[in-house]
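Coordinate analysis (summary)
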Amino acid sequence: MHTQTVARLSHDHSFNQHQKSKAEIKTLIVVGFTIVTMVIEIVAGLVYGSMALLADGLHMGSHAAALMITAFAYFYTRTKALDERFSFGTGKVNALAGFSSALVLGGTAFFM
């Protein structure tokens, strides 16, 4: 009797995070554009001897790294959303990814 009461009160904590969202798709598109732009700028900087293009291409690399952290967080959150080891869902993974991305960009800015 007690088990039936507890089962009736339990619910899913996935909050539809097990489905691919529009934001995840848009993030992957932006990652692609950023990487293509980065490669073009680095190659053009090397070919034409432009320090500005080379520096901006390397700078785009830091943005690509930060965006890939976000893309990985979307993927991880989606694939682990129904995993029972995450008692309260995987929503905090996105917040941790945002913090990590900020650290990557802040570290790059500090290094420059």
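The next subject is the side chain of glutamate 24. Checked against the element boundaries, glutamate 24 lands in helix α2 (residues 22–48). By relative accessible area, glutamate 24 is classed as buried at 4%. Among the polar contacts listed, one links the side chain of glutamate 24 to the side chain of arginine 78, at a separation of 2.9 Å. Not counting chain neighbours up to four residues away, the residues in contact with glutamate 24 comprise Tyr74, Phe75 and Arg78.

We now examine the environment of alanine 97. In this fold, alanine 97 is placed in helix α4 (residues 91–111). In this structure the C-alpha to C-alpha distance between alanine 97 and alanine 73, which are 24 residues apart in sequence, comes to 6.0 Å. Once you skip the residues sitting within four places of it in the chain, alanine 97 turns out to touch Ile69 and Ala73.

A word on a nonpolar patch on the surface. A surface patch of nonpolar side chains, about 430 Å² in accessible area, is lined by Val39, Val43, Val47 and Tyr48. In this fold, valine 39 is placed in helix α2.

With that settled, the discussion passes to helix α3 (residues 51–80). Across its 30 residues, α3 extends 43 Å between first and last C-alpha, which sits within 8% of the 44 Å expected from 1.5 Å per residue. Buried within α3 we find Gly57, Met60, Ser62, Ala64, Ala66, Ala71, Ala73 and Thr77. Structurally, α3 contributes buried residues whose contacts are with α2 and α4.

So, about the packing of aromatic side chains. With the rule as written, the count across this model stands at 1 aromatic pair. With a centroid separation of 5.9 Å and an interplanar angle of 35°, the aromatic rings of phenylalanine 72 and tyrosine 76 are classed as tilted. One end of the pair, phenylalanine 72, and the other, tyrosine 76, are both in helix α3, 4 residues apart, so they sit about a helical turn from each other. Since its relative accessible area comes to 26%, tyrosine 76 is described here as partly exposed.

Residues with a pLDDT of 70 or more make up 79% of the protein chain, whose mean pLDDT is 83. Mean pLDDT in the protein chain bottoms out at helix α1 (residues 2–9), which sits at 61, and peaks at α2, which reaches 95.

The geometry of α2 relative to α3 is characterised by a closest axis approach of 8 Å and an angle of 160° between their N-to-C directions. With respect to their mutual orientation, α2 and α3 come out roughly antiparallel. Once α2 is placed against α3, the crossing between them reads as left-handed. Partitioning the contact of α2 with α3 into residue classes produces 19 nonpolar, 8 polar and 4 charged.

Criteria and cut-off values
Residues numbered from 1 in each chain as written. Predicted model: local features only at pLDDT ≥ 70, side-chain atom pairs only at ≥ 80, totals over all residues. Heavy atoms only, no water. Helix = DSSP H or I, 4+ residues; strand = E, 2+ residues; numbered from the N terminus. Buried < 20%, exposed > 50% of the residue type's maximum accessible area, 1.4 Å probe, protein only. Polar contact = N/O pair within 3.5 Å; in protein donor to acceptor, adjacent residues only side chain to side chain. Contact = heavy atoms within 4.5 Å. Patch = residues over 30% accessible without salt bridge, like charges linked within 9 Å, V, L, I, M, F, W, Y side chains within 5 Å. Areas by Shrake-Rupley, 256 points an atom, 1.4 Å probe, with all protein chains shown as cover. Salt bridge = Lys/Arg side-chain N within 4 Å of Asp/Glu carboxyl O. Expected span 1.5 Å × (residues − 1). Phe/Tyr/Trp six-rings, centres within 6.5 Å; stacked < 30°, edge-to-face > 60°. pLDDT = per-residue confidence, 0-100. Axes fitted to C-alpha atoms, helices over the stretch in contact; angles between N-to-C directions. Parallel < 35°, antiparallel > 145°, perpendicular 65-115°, else oblique. Left-handed = near helix turned anticlockwise from the far one by under 90°. Nonpolar A, V, L, I, M, F, W, Y, C, P; charged D, E, K, R; others polar.

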